[in-house]
Amino acid sequence: MDVKIAPDWKALLSPEFEQPYFVQLTDFVRNEYGARTVYPAGRNIFRAFDHCPFEKLKVVVIGQDPYHGPGQANGLCFSVNEGVPLPPSLQNIFQEVRNDTEAPYPANGNLDRWAEQGVLLLNAVLTVRAHEATSHAGRGWERFTDAVVRTIAEHKTGIVYMLWGAYAQRKGAIVDPARNCILKAVHPSPLSAHRGFLGCRHFSQANQYLAQAGQQPILW
């Protein structure tokens, strides 16, 4: 199956694209886009991979599913396009970045700038119906993104995994903490951020780990 995804990722993940579950997933997603409003735009489904080639990968951030409000989801977890109001979780992320690293509060919520430095902003589910959170869960995306995490774990060491919330932590459980940097905290949602996300200092810890490994830190 010809899936439009960055070439180095495609080479690594091509066995998944031939699996029966992925063929069924593709049919489901195609029908959904044809029948109703689905986010993100079809061209952005694999944007996280396109903006963060495998060879540049340094950091993995795992979200759950895309924003389901109009104009929000852009294919990168937690990210929104320029001009879109910042969702509460992203506000908390930026607050922690500022408090942790003294970086200025960003002018917009587009996280392309992170992805292009080697941060894979991966949602566990890559599509969603408008106004229906988790509406594409259980259709096969989770199996695909499990394969993504497994592929990274098998082919790369020295990666920083930012696992915010129980869902992300379960998804990252296969990663060897002796060969990578595993950073865990509660989810940055307003419901939980004050119970340990704010003050977690993950962004400075990530950069310290990368610097010690001789890699360029991320400009958060």
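Preceding block: the structure.
A brief report on the enclosed structure follows.

Thoughts on the layout of surface pockets
- Within this model, the largest pocket holds a volume of roughly 520 Å³.
- Around the largest pocket sit 25 residues that line it, and Gln64, Asp65, Tyr67, Ser89 and His187 are the ones nearest its centre.
- Of all the secondary structure elements, the ones that give two or more residues to the lining of the largest pocket are β2 (59-63), α4 (88-101) and α7 (166-171).
- In the lining of the largest pocket, the residues fall into 14 nonpolar, ten polar and one charged.
- Lining the second largest pocket are 15 residues; nearest its centre among them are Val3, Lys4, Thr26, Ile45 and Phe46.
- The greatest single-element share of the lining of the second largest pocket, amounting to five residues, is contributed by helix α2 (residues 20-35).

Some words on the nonpolar core
- Formed by 71 residues in total, the largest nonpolar core has its most connected members in Trp9, Phe49, Leu120 and Phe144.
- Other than its neighbours up to four places away in sequence, Phe49 contacts Ile5, Ala6, Trp9, Leu13, Leu120, Leu122, Leu126, Phe144 and Val148.

As for helix α1 (residues 7-17)
- Trp9, Leu13, Glu16 and Phe17 are the residues of α1 that are buried. Viewed along the axis of α1, the buried residues span an arc of 85 degrees, placing them on a single side of the element. Along α1, the residues that are exposed and aim more than 90 degrees away from the buried face are Pro7 and Ala11.
- Residues of α1 that are buried in the fold lie against α2, α3 (47-51), β3 (119-123) and α6 (141-155).

Overview of empty space enclosed by the protein
- Taken as a whole, this structure holds one cavity of 30 Å³ or more when the rule is applied.
- Around the largest cavity sit Pro40, Ile45, Pro66, Gly75, Asn123, Val125 and Leu126, which together line it.
- Partitioned by chemical class, the residues of the lining of the largest cavity number five nonpolar, two polar and no charged.

Description of the packing of α2 against α6
- Packing of α2 against α6 brings their axes to within 9 Å, and their N-to-C directions diverge by 125 degrees. Put simply, α2 runs oblique to α6. Taken as a pair, α2 and α6 cross one another with a handedness that is left-handed. Where α2 abuts α6, its residues Tyr21, Phe22, Leu25 and Val29 lie against Trp141, Arg143 and Phe144.

Some details on the packing of α1 against α6
- Taken N-terminus to C-terminus, the directions of α1 and α6 make an angle of 135 degrees; their axes are 10 Å apart at the nearest point. One way to sum up the angle between α1 and α6 is to call them oblique. Crossing of α1 against α6: the hand is right-handed. Together, Trp9, Leu12, Leu13, Glu16 and Phe17 of α1 and Phe144, Ala147, Val148, Arg150, Thr151, Ile152 and His155 of α6 make up the contact between the two elements.
- Of the residues belonging to the contact of α1 with α6, the class tally is eight nonpolar, two polar and two charged.

Topic: the environment of Asn81
- Checked against the element boundaries, Asn81 lands in the loop between β2 and α4.
- For the pair Asn81 and Ile218, spaced 137 residues apart in sequence, the C-alpha separation works out to 20 Å.
- If we ignore the near neighbours within four places in the chain, the residues touching Asn81 are Arg47, Gln72, Asn74 and Asn110.

Cut-offs and rules
- Residues numbered from 1 in each chain as written.
- Predicted model: local features only at pLDDT ≥ 70, side-chain atom pairs only at ≥ 80, totals over all residues.
- Heavy atoms only, no water.
- 1 Å grid on protein atoms, 1.4 Å probe; cavity = no way out; pocket = protein on both sides within 12 Å on 5 of 7 lines; lining within 4 Å.
- Points joined across faces, edges and corners; volume = space filled by probe spheres on them.
- Helix = DSSP H or I, 4+ residues; strand = E, 2+ residues; numbered from the N terminus.
- Nonpolar A, V, L, I, M, F, W, Y, C, P; charged D, E, K, R; others polar.
- Core = buried A, V, L, I, M, F, W, Y, C linked by side-chain atoms within 4.5 Å.
- Buried < 20%, exposed > 50% of the residue type's maximum accessible area, 1.4 Å probe, protein only.
- Contact = heavy atoms within 4.5 Å.
- Arc of directions from axis to C-beta.
- Axes fitted to C-alpha atoms, helices over the stretch in contact; angles between N-to-C directions.
- Parallel < 35°, antiparallel > 145°, perpendicular 65-115°, else oblique.
- Left-handed = near helix turned anticlockwise from the far one by under 90°.

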